[in-house]
Amino acid sequence: LAGFNTISADNNFAEVLVPPIDRSISGKVFRDVDKSGTFNGTDSGIGGQTINLTGKDVDGNTVTRTTTTAADGSYSFTGLPEGTYTVRQPAQPVGTSNGTTIAGSTGGVASNPTATSSQIVNIDLRADNRTSINNDFAEIVGVGSDLVVTKAADKTVFTEGNLGTYVLRVKNIGV
């Protein structure tokens, strides 16, 4: 092998570090006045509501975040790694009952209105799914019956042989 070059120098390989693509999930908690399940007309956002996010990124790492809705009812989780997520509304807003929970633009499975807390599971933020919008929690205004019955007595203690009266009041509270 005499006369052949046996030394190879300066063979460099450039590596380019590609930053991860940030992903996001957003939606709204709102009073669904017309009970349509979509934000429209006279519907209004509900601020101050806690929304929890849990999930796993594509490497199997657990991701957990919490946020609070803005005054207009909107919420957003940004800077998420590629993965699959759940958003959950752990508490019912005061003066409302569960309406329709709506899975957003990248799909998922929304809980039904009879659930004790509302959630959307399996929100897919993998591959080309970078943004999931309209993951909404519609709330129905008014809880319980429109009819209220109250009872009052003219005495605090009833004894044998003495008359006492009860007054029953029935009122439609118009909720």
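See the structure shown above.
Here's a quick rundown of the structure. (Residues numbered from 1 in each chain as written. Predicted model: local features only at pLDDT ≥ 70, side-chain atom pairs only at ≥ 80, totals over all residues. Heavy atoms only, no water.)

Looking now at the overall build of the protein chain. When helices and strands are tallied, the protein chain shows zero helices and 13 strands. Taken from the N to the C terminus, the helices and strands of the protein chain come in the order β-β-β-β-β-β-β-β-β-β-β-β-β. For the protein chain, the residues scored as buried account for 29% of the 175 residues in total. In the protein chain, once contacts between residues fewer than 6 apart in sequence are set aside, the share between residues at least 24 apart is 61%. When the accessible area of the protein chain is evaluated, it comes to approximately 11300 Å², of which 54% is carbon and sulfur surface. (Helix = DSSP H or I, 4+ residues; strand = E, 2+ residues; numbered from the N terminus. Buried < 20%, exposed > 50% of the residue type's maximum accessible area, 1.4 Å probe, protein only. Contact = heavy atoms within 4.5 Å. Areas by Shrake-Rupley, 256 points an atom, 1.4 Å probe, with all protein chains shown as cover.)

Attention shifts here to the sheet that holds strand S9 (residues 118-125). Spatially, the five strands line up as an open sheet ordered S4-S3-S6-S9-S8, and their pairing is antiparallel. The sheet terminates laterally at strand S4 (62-68) and strand S8 (109-110), the two strands that pair on one side only. (Pairing = 2+ DSSP bridges.)

Right, let's talk about the environment of Thr 38 for a bit. Examined against the element boundaries, Thr 38 turns out to sit in the loop between strand S1 (23-31) and strand S2 (44-45). When the C-alpha atoms of Thr 38 and Phe 137 are compared, they prove to be 9.2 Å apart, with 99 residues separating the residues in sequence. Here Thr 38 is in contact with Phe 30, Asp 32 and Asp 43, once residues within four sequence places are set aside. At 3.1 Å, the side chain of Thr 38 and the side chain of Ser 36 are in polar contact. One polar contact links Thr 38 to Asn 40, side chain to side chain, over a distance of 3.0 Å. (Polar contact = N/O pair within 3.5 Å; in protein donor to acceptor, adjacent residues only side chain to side chain.)

The next point concerns the side chain of Gln 49. One can find Gln 49 in the loop between S2 and strand S3 (50-57). The contact partners of Gln 49, leaving out residues within four places of it in the chain, are Val 29, Thr 67, Thr 68, Thr 69, Gln 89, Ala 91 and Pro 93.

Bringing the nonpolar core into the picture now. By size, the foremost hydrophobic cluster in this structure holds 15 residues, and its most contacted members are Ile 25, Leu 53, Leu 80 and Val 87. The set of elements that each furnish at least two residues to this core consists of S1, S3, strand S5 (74-80), strand S6 (83-89) and S9. Excluding residues that lie within four positions of it along the chain, Val 87 makes contacts with Ile 25, Ile 51, Asn 52, Leu 53, Tyr 75, Phe 77, Ser 118, Gln 119, Ile 120, Ile 123 and Phe 137. (Core = buried A, V, L, I, M, F, W, Y, C linked by side-chain atoms within 4.5 Å.)

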